[in-house]
Amino acid sequence: MSICAFPSELRHQALIALGSNLGDSKLILESALDKLDRTLGIKVKARSHFYQTKAVTLDERPQPDYLNACAILETTLIPAALLRVLQQVEQDFGRIRHERWGARTLDLDLLLFDDVILQTTDLEIPHPRMNDRAFVLVPLSEIAPDWIHPVSGQAIAQLAEQVERSDVKKIEF
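It should be emphasised that the depicted structure is a prediction, and the values quoted were computed from it without experimental measurement. (Residues numbered from 1 in each chain as written. Predicted model: local features only at pLDDT ≥ 70, side-chain atom pairs only at ≥ 80, totals over all residues. Heavy atoms only, no water.)

Asks: Please set out helix α1 (residues 25-37) residue by residue, giving values where relevant.
Replies: Relative to the 18 Å expected for 13 residues at 1.5 Å per residue, α1 spans 18 Å between its end C-alpha atoms, a close match to the ideal helical length. Every buried residue belonging to α1 is among Ser-25, Ile-28, Leu-29, Ala-32, Leu-33 and Leu-36, and all of these are buried. An end-on view of α1 places all buried positions within 130 degrees of arc, on one side of the element. Among the structural elements, β1 (12-20), β2 (42-47), β3 (50-53), β4 (66-75) and α2 (79-92) are those in contact with the buried residues of α1. (Helix = DSSP H or I, 4+ residues; strand = E, 2+ residues; numbered from the N terminus. Expected span 1.5 Å × (residues − 1). Buried < 20%, exposed > 50% of the residue type's maximum accessible area, 1.4 Å probe, protein only. Arc of directions from axis to C-beta. Contact = heavy atoms within 4.5 Å.)

Asks: Please provide a residue-by-residue account of the environment of Phe-113, values included.
Replies: Here Phe-113 is to be found in strand β5 (residues 107-113). When the C-alpha atoms of Phe-113 and His-127 are compared, they prove to be 9.8 Å apart, with 14 residues separating the residues in sequence.

Asks: If you had to explain the nonpolar core to someone new, which residues and values would you point to?
Replies: Ranked by size, the top nonpolar core spans 28 residues in total, and within it Ile-16, Leu-18, Leu-82 and Leu-110 carry the most contacts. When contributions to this core are tallied by element, the ones reaching two or more residues are β1, α1, β4, α2 and β5. By residue number, the principal contributor to this core is α2, which donates six residues. Excluding anything up to four places from it in sequence, Leu-82 contacts Ala-14, Ile-42, Leu-73, Thr-75, Leu-77, Leu-110 and Phe-113. Counting residues in hydrophobic clusters, the runner-up holds 22 residues, among them Leu-112, Ala-144, Leu-159 and Ala-160. (Core = buried A, V, L, I, M, F, W, Y, C linked by side-chain atoms within 4.5 Å.)

Asks: Account for the packing of α1 against α2, with residues named and values stated.
Replies: One can describe the packing of α1 onto α2 by two numbers: an axis separation of 11 Å at closest approach and a directional angle of 135 degrees. With respect to α2, the axis of α1 lies oblique. Along this stretch, α1 crosses α2, giving a crossing that reads as right-handed. On α2, the residues touching Ala-32, Lys-35 and Leu-36 of α1 are Val-85, Leu-86, Val-89 and Asp-92. For the contact of α1 with α2, the residue count by class is five nonpolar, no polar and two charged. (Axes fitted to C-alpha atoms, helices over the stretch in contact; angles between N-to-C directions. Parallel < 35°, antiparallel > 145°, perpendicular 65-115°, else oblique. Left-handed = near helix turned anticlockwise from the far one by under 90°. Nonpolar A, V, L, I, M, F, W, Y, C, P; charged D, E, K, R; others polar.)

Asks: Account for unusual backbone geometry, naming residues and giving values.
Replies: Between Ile-125 and the following residue, Pro-126, the backbone shows a cis peptide bond with an omega angle of -5 degrees. Following the sequence through the fold, Pro-126 ends up in the loop between β7 (124-125) and α3 (134-143).

Asks: Any details on the environment of Val-89? Residues and values, ideally.
Replies: The topology assignment puts Val-89 in helix α2. Sequence separation between Val-89 and Leu-33 is 56 residues; the distance between their C-alpha atoms is 9.6 Å. If we skip the residues at most four places from it in the chain, Val-89 touches Ala-32, Lys-35, Leu-36, Leu-106 and Leu-108.

Take a look at the structure:
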């Protein structure tokens, strides 16, 4: 009997952040996760609870609160290809990039990819502002507390303890 073996595709772990403050944010985030899970080369392995947070803005114009979450993806894609998928999913849910930090139907950020450190014109891994954002670190620490940030050398749970998080409220649906 002969055995025919096929090489397995290299699998990577990626952490993403999701946010929405326009439309039915809960439905949008759940649908975006479902769409990602059905995308060739991507599987959603874990997701956090939803958290309500205040909008971060460049000016004083008020915005609705955000609904935020994080997820662990298993993927066979390289970081640039995964970023393109995330941006396409944002567009599929009506994301229009008018202004930085403006209100949006869907925001998907690639935070970490294995232990990769990468800086290109289109992508920076680890995400450059994740260590300052409670709306990222709190849900992320729920699903990946022991993941080591490749630049700081600290676990996500440690980073989450170092940020002001009084405005991050866990939502039970």
